[in-house]
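# An overview of the molecular structure
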Amino acid sequence: MASRCRKCGQQVPRNPPFTAVRITEGEMKSYHDFIGGCIRLERMAKKDEIMQQEIRPLVAVDIIEQLHRQFAILSGGRGKDGAPIITFPEFAGFSDIPDEDFLNVVTYLTSIPSLEAASIGFIIIIDRRRDKWSAVKASLTRIAGAFPGNLQLVFVLRPSRFIQRTIADIGIKLYRDDFKMKVPIIMLNSVSDLHGYIDKSQLTRELGGTLEYGHSQWIHHRTAIENFAMTVKTTAQMLQTFGTDLAETELPNDVQCTEELLSAHTDHHGKLKDELKLAVKQGATLLTCIREPVTRSANSKLSPDELENVATVERLLAQLDETEKAFDQFWTKHHLKLEQCLQLRHFEHDFREVKLALDNLMEAQASFADIGDSVTRVEHLLREQKQLEEKGQEPLEKAQSLALHGEQLIQNNHYAVDSIRPKCVELRRICDDFTNETKKKYDILGKSLELHKQLDKASQWCEAGIYLLASQAVDKCQSQEGAETALVEIEKFLVTAKEHQLSNPKEFYNQFDMILTPEIKANAQRILQKLEDVQEMFDKRQVSLKKLAAKQTRPVQPVAPHPESSPKRASPKINRPAGVATNRRSTEISCPPKTISEVDLSKKKSIKKTKGGIKIEVMHEASQGGSSRVLVMSESDENLSTRRSKIQTIYTYIVSLAQLHTGAASQKH
């Protein structure tokens, strides 16, 4: 189930746009120190630290009018044992003071001294020298019934007039038990008697002492101290609340929310720093005001109460400074975490964009599987691969830069190392995969291009070889010089097979066997078979030409065409001697004459047809061992029709040559 928000009560989705972050030991310590400082500062600034009694939590501003009436004062004097002195000066309307006002003022005055001083007990001085016994009785009765602190002594300056003094002496004896005071009540006739109990330096001028006291200034100081304490308390509470909010802050999962959170916290931090500076300035000003009498006159001394005020303000300022340092330390760590969070969100945002671009790039590369079926196609694929590589440079550079940035974040002790490092590894892996796959593609396409170029060269070499064999004139090859020339041409041409690495077709085939598709393999096998066929034709032509070159060729006499070859023209009759004719007949009987068809059948006639061309080979050997061989070949099926007439002419020439050779042999016999 989804949880509910603590502030608004609304349901929070299972996967909110925030992430929990582990708090380090250093952060916990800084937070603890900061919150502890705030608590100490708040306690110190509370009224129950400055005004120790908690019966009525009053401040000067609440009873400012009653204080200004001055029917009771805390002059700051102390008894010999350090007991605080509260003076009730002469006040005509003391009996008319409402009980609530009296209680508030007395309670406030007893709450000002420190706990240590208040625990000794207060000394009360009631000045009724110009009053009556009734005023003395009313004062003692009110003090006995409403004084909130511990009493040590009560001094009463009795009325100065004789009658009232006498009445007072009698009355104090009669009504002592009615006052219900557990402390002595000392009746004094004059301030001189008072000086026997309390030092003059601890008494105001009105009581014959030397203690400087200004009631209006005292009220001003008390109000300022309490305002300062309230300012410090409020500042401490704000710091504590802000520190708690910072410690409980959940870091957002997107850039915008993180920026907004960082901006809000920074603004709040700035305001609190201003409040701290204002509080420090206020305390320093107050401290200067309290010390003003001492600064103005070297002979002046601060009263114990004033010294306590100075100590209180100094203590607050020191605690304020300590709290500010703890706050700055905690803020530094929190601000660093927010900045690191923002860096992480930017990194994650950039990672998603770069990852998407890399995935699209890898997908495009994966679909690039064709290796081409011709030189033109492979060159086109190479251009496309080059374009893909250029297109991928920008995302690859971004990925490398982002991975480098991630490594820098890790080196800077980023709190999200476990999240950043895998992403850096993945970015580098994808970049390496793309680079390696691109190199592999280039290697395959390079092999494919080399393969198709070699196949094209092989095919062109075969066509050129066929053309060479067909272009060698038969009449020129009959002589030794012509045969040798033809051999040289063939040998030079065969050298080009080695230059094009075509001398070993099987090795050529095995070199590219791993990258061949079934279609390309079939084409390669066809061309390699054609290569072998042409090589075999050259081998046979070389054998024939070598035989012709090794034997001196006899002169050839022109003869008339054979009737079978030229049916329209009758062969001329040649008269030969009888001996020669007899000899010829006996030779024909022992070795019957062979027609051109018999020569073709008996002397290695071969006709081979391939897909690339037609080969016609005729071999004729004379009785003397002379031989002639003519190879006629069309370059391709496409040129067959154009060369048919030429082939027919060559064939007629071959028949005539055979008849001529037969006639020459007959004349010899």
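To keep things clear, this report deals only with the structure shown in the data block.

Calculation criteria
Residues numbered from 1 in each chain as written. Predicted model: local features only at pLDDT ≥ 70, side-chain atom pairs only at ≥ 80, totals over all residues. Heavy atoms only, no water. Helix = DSSP H or I, 4+ residues; strand = E, 2+ residues; numbered from the N terminus. Buried < 20%, exposed > 50% of the residue type's maximum accessible area, 1.4 Å probe, protein only. Contact = heavy atoms within 4.5 Å. Pairing = 2+ DSSP bridges. Right-handed = clockwise from strand over helix to strand, strands pointing away. Expected span 1.5 Å × (residues − 1). Bend = angle between axes of the 7 residues up to and from the residue. Axes fitted to C-alpha atoms, helices over the stretch in contact; angles between N-to-C directions. Salt bridge = Lys/Arg side-chain N within 4 Å of Asp/Glu carboxyl O.

## Observations concerning the overall build of the protein chain
Counting its regular elements, the protein chain contains 21 helices and 9 strands. Each of the 669 residues in the protein chain was classed as buried or not, and the buried ones make up 42%. Of the contacts made within the protein chain by residues no fewer than 6 positions apart, 76% connect residues no fewer than 24 positions apart.

## Here's the deal with the pairing of strand 4 (residues 151-157)
Counting buried positions over the 7 residues of strand 4 gives 5, a clear majority of the element. Taken together, the 6 bridges between strand 3 (residues 122-127) and strand 4 define a ladder with parallel strand orientation. Each residue of the ladder has a partner; that of Asp127, found in strand 4, is Leu157. With helix 6 (residues 133-146) bridging strand 3 and its parallel neighbour strand 4, the resulting β-α-β unit is right-handed.

## Side note on helix 13 (residues 375-411)
Here helix 13 is 37 residues long and its end C-alpha atoms lie 51 Å apart, about the 54 Å a rise of 1.5 Å per residue gives. At Gln393, helix 13 is deflected by roughly 35 degrees, the largest bend along its length, and proline Pro395 occurs up to four residues later in sequence. Positive backbone phi, at 60 degrees, marks Asn413, one or two positions downstream of helix 13.

## Overview of the sheet that holds strand 2 (residues 85-88)
As summarised here, the arrangement of the 4 strands in space is 2-3-4-5, forming an open sheet in which the pairing is parallel. Single-partner strands in this sheet number two, and they are strand 2 and strand 5 (185-188). Pairwise comparison of adjacent strand axes, ignoring direction, gives a mean angle of 20 degrees for this sheet. Each of strand 2, strand 3, strand 4 and strand 5 is contacted by helix 6, which is oriented at about 160 degrees to strand 3, the strand it contacts most.

## Side note on the pattern of salt bridges
All chains considered together, the criterion is met by 20 salt bridges. Arg78 is paired through a salt bridge with Glu308; the nearest N and O atoms lie 3.3 Å apart. In this pair, Arg78 sits in the loop between helix 3 (64-69) and strand 2 while Glu308 sits in helix 12 (residues 304-366), placing the two residues 230 residues apart along the sequence. By relative accessible area, Glu308 is classed as partly exposed at 23%. Its salt-bridge partner being Arg377, residue Asp370 comes within 2.9 Å of it at the nearest N-O pair. For Asp370, a relative accessible area of 38% corresponds to the partly exposed category. Owing to a relative accessible area of 31%, Arg377 belongs among the partly exposed residues under this scheme. Counted as one network, the salt bridges with shared partners bring together Arg78, Asp305 and Glu308.

## Re the environment of Ser303
Along the chain, Ser303 turns up in the loop between helix 11 (292-296) and helix 12. In the structure, Ser303 is positioned 227 residues away from Gly76 in sequence and 5.5 Å away in space, judged by C-alpha atoms. Setting aside anything within four residues of it in sequence, one finds Ser303 in contact with Ser75, Gly76 and Leu211.

## Observations regarding the side chain of His265
One can find His265 in helix 10 (residues 255-290). Residues within four places of His265 in sequence aside, it is in contact with Phe242, Leu246, Thr249, Trp331, His334 and Leu338.

Take it as geometry only, folks, not as evidence of what the structure does.
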